[in-house]
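Structural characterization, general
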Amino acid sequence: MSALLRVDNVGKTFVRSGKPSVEALRAINISVNEGEFASIVGASGSGKSTLLRIIDGLLEPSGGAVFVDNTRVVRPGRDRAMVFQQDSLLPWKTVIENVAYGLTLAKTPWTEASKIAERFIAMTGLTGFEGHYPHQLSGGMRQRVNVARALAVDPRILLLDEPFAALDAQTREIMQTELLSIWEKSSKTVLLITHQIDEAVFLSDRVIILSARPGTVREEISIKLPRPRNLEIKRTAKFVGFVDKIWKLIEAEVRLGLKDSQ
Ligand code: ADP
Ligand code: MG
């Protein structure tokens, strides 16, 4: 199978005048296949967000390149959509206007854009809230709007940067199961970044572990758990075994990072 997304030897060093430069990423090689759900985990500061921004085309790598379907990424495009940890909704627009935003930017007529938006509003469990403004919604609902907005432009690859990190534990678990069912229904290719190891294991076909700064791919682990998955799988020995294995790798990196900063 050929990869839909290919990160080819990507490095990134931030150069700032008057300050020491920061090597955030070094020689990253990652492939994600069409329809695959892959996650990247790594300690804080290991370059996860930097890597996702490079993949989205928001940031230029210092070395190497990103390819989607063998075409080099040089800017954001409709084949990729990103969901950020922070709420990035437009506060003066309603739920449906936010979900349809990417479509209206692309000059899709409102009758069509709103119809498409309605579909993803339903898929993310927001029916009835179309006319609400972001400040009238809970954190979990706002993140649903962000996911719906990303899906509405029908990207080939969904890029998620710690999308549930700001939510409480229960809401996070609900969002995880909903993301799984959306992924099953939409057959999108997903690349998720998280520092929650159990979230990565629960959702993914494959978990990519980054080392501490500069981020390099330390290991990739195939998550051979049956699908469809529900929350009960988190209590199985096999699941716990995957979490344990990944945690041990991350734990070493977190300690290394602490030692470096002393
Ligand atoms: P993560 O998402 O894994 O926590 P980031 O990608 O946000 O990590 O950051 C990786 C490293 O790069 C950090 O040390 C961070 O301080 C540094 N960094 C990120 N963005 C910039 C920037 N614009 N200028 C300088 N350093 C940056
Ligand atoms: Mg980050």
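Keep in mind the model is a prediction, meaning the values are calculated, not measured.

So, how was this worked out
Every chain is numbered independently, its residues counted from 1 as its sequence is written. Going through the entries in the order they are written, you letter the chains from A and number the ligands from 1. With the structure being a predicted model, the display of local features is reserved for residues of pLDDT at least 70 and the display and counting of side-chain atom pairs for 80 or more, all residues being used for whole-chain, interface and lining totals. Side-chain numbers come from the whole structure's heavy atoms, not from hydrogens or water. A helix here means a DSSP run of H or I that spans at least four residues, while a strand means a run of E at least two residues long, and both kinds are numbered starting from the N terminus. Whether a residue is buried, partly exposed or exposed follows from its accessible area with a 1.4 Å probe, protein chains only, as a fraction of its type maximum: under 20%, in between, or over 50%, in that order. Any residue with a heavy atom lying within 4 Å of a molecule or strand is counted as near it. Whenever two N or O atoms come within 3.5 Å, that pair is a polar contact, provided that in protein one can donate a hydrogen and the other can accept it, and provided that, for residues adjacent in sequence, both atoms are side-chain atoms. Per-residue and other accessible areas were derived by the Shrake-Rupley procedure at a 1.4 Å probe size, with only the shown protein chains allowed to occlude residues. Note on residue classes: Ala, Val, Leu, Ile, Met, Phe, Trp, Tyr, Cys and Pro are nonpolar, Asp, Glu, Lys and Arg are charged, and everything else, Gly too, is polar.

With that out of the way, let us pick up unusual backbone geometry. Across the junction of R213 and P214, the peptide omega takes the value -5°, indicating a cis bond. Cis geometry is found at the peptide bond from R227 to P228, where omega equals -5°. Its location among the elements puts P228 in the loop between strand 10 (217-222) and helix 8 (237-260). For N9, which is not a glycine, the phi torsion comes out positive at approximately 55°. As for its placement among the helices and strands, N9 is situated in strand 1 (residues 3-14). The residue A27 is not glycine, and still its phi comes out positive at about 45°. Of the residues examined, A27 reaches a relative accessible area of 41% and is grouped as partly exposed.

This part covers the site of ligand 1. Close to ligand 1 lie F14, R16, A24, A43, S44, G45, S46, G47, K48, S49, T50 and R213, which account for all nearby residues. G47 places a polar main-chain atom, nitrogen or oxygen, 3.1 Å from an oxygen atom of ligand 1. A distance of 2.6 Å is found between an oxygen atom of ligand 1 and a side-chain nitrogen or oxygen belonging to T50. Relative to its free-state accessible area of 560 Å², ligand 1 is covered by the protein chains to the extent of 68%. Ranked by residues supplied to the shell around ligand 1, first place goes to helix 1 (residues 48-56) with three residues. Looking at side-chain class alone, the shell around ligand 1 contains three nonpolar, six polar and three charged residues.

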